[in-house]
Amino acid sequence: MTGHPNQNNDKASRLPAYLLAAALLLAALCGFYTVSLKHALEDEAWRYVGEVAERVSTTINTSVSDTFDNLHAMGDTCVWLGRQENPEAVIAYLTQASPRYGFLRMGIVELDGMAYTTAGTVTDLSGQPCVQEALRGADAVSGLQYLPEEPDTGSIIFAVPLRLDGKVIGALAAASPLSRLRETLDVESFSGEGFTQVIQPNGNFIFDSSNKNAIQGYNNYFTLLSSSCTLDRGYSVQGLQADIAAGRPGTLCYTTENGVHKVMNYMPLAVSDWYMLCVVPTEAATARTERIIHLAAFVNVAVAVLFLALIVLIIRMNRKSRDRLTALAYTDPVTGGHSRQWFEQEAAARIAAQPAGTYALVSADIRQFKLINDAFGSQDGNRTLRFVYRCIEAGLQPGEFVCRIAADTFNLLLRNAPEAEVAARLAGFAHAVNAHNNGLEQKYYLPLCAGVYVVTDPSLDLITIQDRANVARKQVKRRPDSRLCAYCYYTDQERLRMLREKEIDNRKEGALQNHEFVVYLQPKVS
């Protein structure tokens, strides 16, 4: 016999749990993938910020180096002209070349620091550190200077040594307007969201940025950070000052007063005492990362939703299929009630779970049911069987069952009771079946025959129990009875009689061959 229907339902009910567990596992994997991708892309974003800073510093260094190269070329020309003992020609040359290279003013500086400028003046530049460094034989650049020609925006002084036969004989100085340098040095990045600033070791700006994201109104970067920014945990202005003093590059993160979080890469430039600050709003630096993460999250959610939709579809299809199979297996096609398979599984489980004598199995059929099919057809016959099933089912108590076994034979599992009570219940079933005759002139009765077997041994298999109830039912059908429900209980005598009949039937062929049959003739007198 197959498993109990409840066990089958338990197995089927586990499928949604398994599928849900798979969906949760998929969601966890998608979440892990998204978090891992986020970390990887953030690392890539910060690496890219560093690369941008490197490129910007290279651009600035190249620009400054080109300026020095131009000054050296011009200085060589000035030395050559000076050897011709034509100082006026030197100043004339510088006056002509100065605007071409974008300088405000240029001048030849003697060893004593006195400068002869293109403005026609003699200026003492001995106090300029960059000029003194050039006179010592090194290229140099000053901090921010405010000359009469650029009183508002300021200038930067570049100075290179002039040599004759390998000996420093003076210096060439050039004042470059900060506005011109800003065009070259104020390099933007990240679609204009990032900007560049250059400071001296003390924090004073060589030049500030006019970018929309740059904080304005400060001359010193350290003051700017202390006054209007909140540094992230682990960062400090003192740490930044120590790195700059030691010439170390690094990174600093902070939040401005308006709540914009920024990351700043700082590194020394080729120019002595210049430090480049490459500042980028974190949102701009991670915008591409965020887009990729959002896309990945969307894809993961879409996959999870599709998977869940597939799970729901599978569950619904599985449930429909299971319900269809259950209906086929456990629903009788004629009566629409319980099938024989369902009844046998449920009855066997109930009988095995209760003490002996708890249940009685009844086998019942309709006397001469074949006449109904012959007279009215099989469709009306099936309608009659459905009617009989519903009438019997309506009279059952909780824990009792009925099913159609085959043709017009029904099995009932009833709770055992004294014979009189069982007889009354069977009679009640029969009266319910025949209640349709009430008020009819032409009545058509459906008498029932029932065999009852009290299950005194729950260890017996259900087939044996059904056979014994069938034996009792057939015993009833062999004798005439006008009651609407004739019944008979199964007894051991009936079982012994059947065994005796079977034994005689088995010996019949052999007895004929052995001439064991004796003919007795009984005279009849009319």
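Residues numbered from 1 in each chain as written. Predicted model: local features only at pLDDT ≥ 70, side-chain atom pairs only at ≥ 80, totals over all residues. Heavy atoms only, no water.

(A) Quick look at the sheet that holds strand β7 (residues 195–199). Pairing in this open sheet of six strands is antiparallel, and the strands run β8-β7-β12-β11-β10-β9 from one edge to the other. A single partner strand is all that each edge strand has here, and the edge strands are β8 (205–207) and β9 (229–231). This sheet shows a mean twist of 35 degrees between the axes of neighbouring strands, independent of strand direction. Looking at chain direction, β7 and β8 are connected through two bridges and run antiparallel. (Pairing = 2+ DSSP bridges. Helix = DSSP H or I, 4+ residues; strand = E, 2+ residues; numbered from the N terminus. Axes fitted to C-alpha atoms, helices over the stretch in contact; angles between N-to-C directions.)

(B) Structural detail: the packing of helix α9 (residues 340–353) against helix α13 (residues 462–477). Relative to each other, α9 and α13 sit at 105 degrees, their axes nearing to 10 Å. Here α9 lies roughly perpendicular to α13, going by the angle between them. Across from R340, F343, E344, A347, A348 and I351 in α9, the residues of α13 making contact are L462, I465 and Q466. A per-class count over the contact of α9 with α13 returns six nonpolar, one polar and two charged. (Parallel < 35°, antiparallel > 145°, perpendicular 65-115°, else oblique. Contact = heavy atoms within 4.5 Å. Nonpolar A, V, L, I, M, F, W, Y, C, P; charged D, E, K, R; others polar.)

(C) Broad picture of a nonpolar patch on the surface. A contiguous nonpolar surface patch, about 380 Å² in accessible area, is contributed by L295, F298, V299 and V303. Mapped onto the fold, V299 is located in helix α8 (residues 287–330). (Patch = residues over 30% accessible without salt bridge, like charges linked within 9 Å, V, L, I, M, F, W, Y side chains within 5 Å. Areas by Shrake-Rupley, 256 points an atom, 1.4 Å probe, with all protein chains shown as cover. Salt bridge = Lys/Arg side-chain N within 4 Å of Asp/Glu carboxyl O.)

(D) Local environment of α13. Spanning 16 residues, α13 covers 23 Å between terminal C-alpha atoms, matching the ideal 22 Å at 1.5 Å per step. Every buried residue belonging to α13 is among L462, I465, Q466, A469, N470, V471, A472, R473 and V476, and all of these are buried. Two to three positions downstream of the cap, the backbone nitrogen of I463 sits 3.2 Å from a side-chain oxygen, assigning the N-cap of α13 to D461. (Expected span 1.5 Å × (residues − 1). Buried < 20%, exposed > 50% of the residue type's maximum accessible area, 1.4 Å probe, protein only. Polar contact = N/O pair within 3.5 Å; in protein donor to acceptor, adjacent residues only side chain to side chain.)

(E) Spatial organisation of the confidence of the model for the chain. Averaged over every residue, the pLDDT of the chain is 83; residues scoring 70 or more account for 89%. For the chain, helix α4 (residues 178–185) is the element with the lowest average pLDDT, namely 68, and strand β15 (residues 409–415) is the one with the highest, namely 96. (pLDDT = per-residue confidence, 0-100.)

(F) Representation of the sheet that holds strand β17 (residues 485–489) in the model. With respect to topology, five strands assemble into an open sheet ordered β14-β15-β13-β16-β17, the strand pairing being mixed. Strands at the two margins of the open sheet, each flanked by one partner only, are β14 (401–406) and β17. Put simply, the sheet's adjacent strands are angled 25 degrees from each other on average, direction ignored. Sheet analysis places strand β16 (residues 448–454) next to β17, joined by five bridges and oriented parallel. Looking at the pairing, A450 lines up with Y487 of β17. Contacts from helix α11 (residues 378–394) reach β13 (359–366), β14 and β15, with the element oriented near 155 degrees to β14. In this fold helix α12 (residues 419–433) packs onto β13, β15, β16 and β17, with an angle of close to 150 degrees to the strand it touches most, β17.

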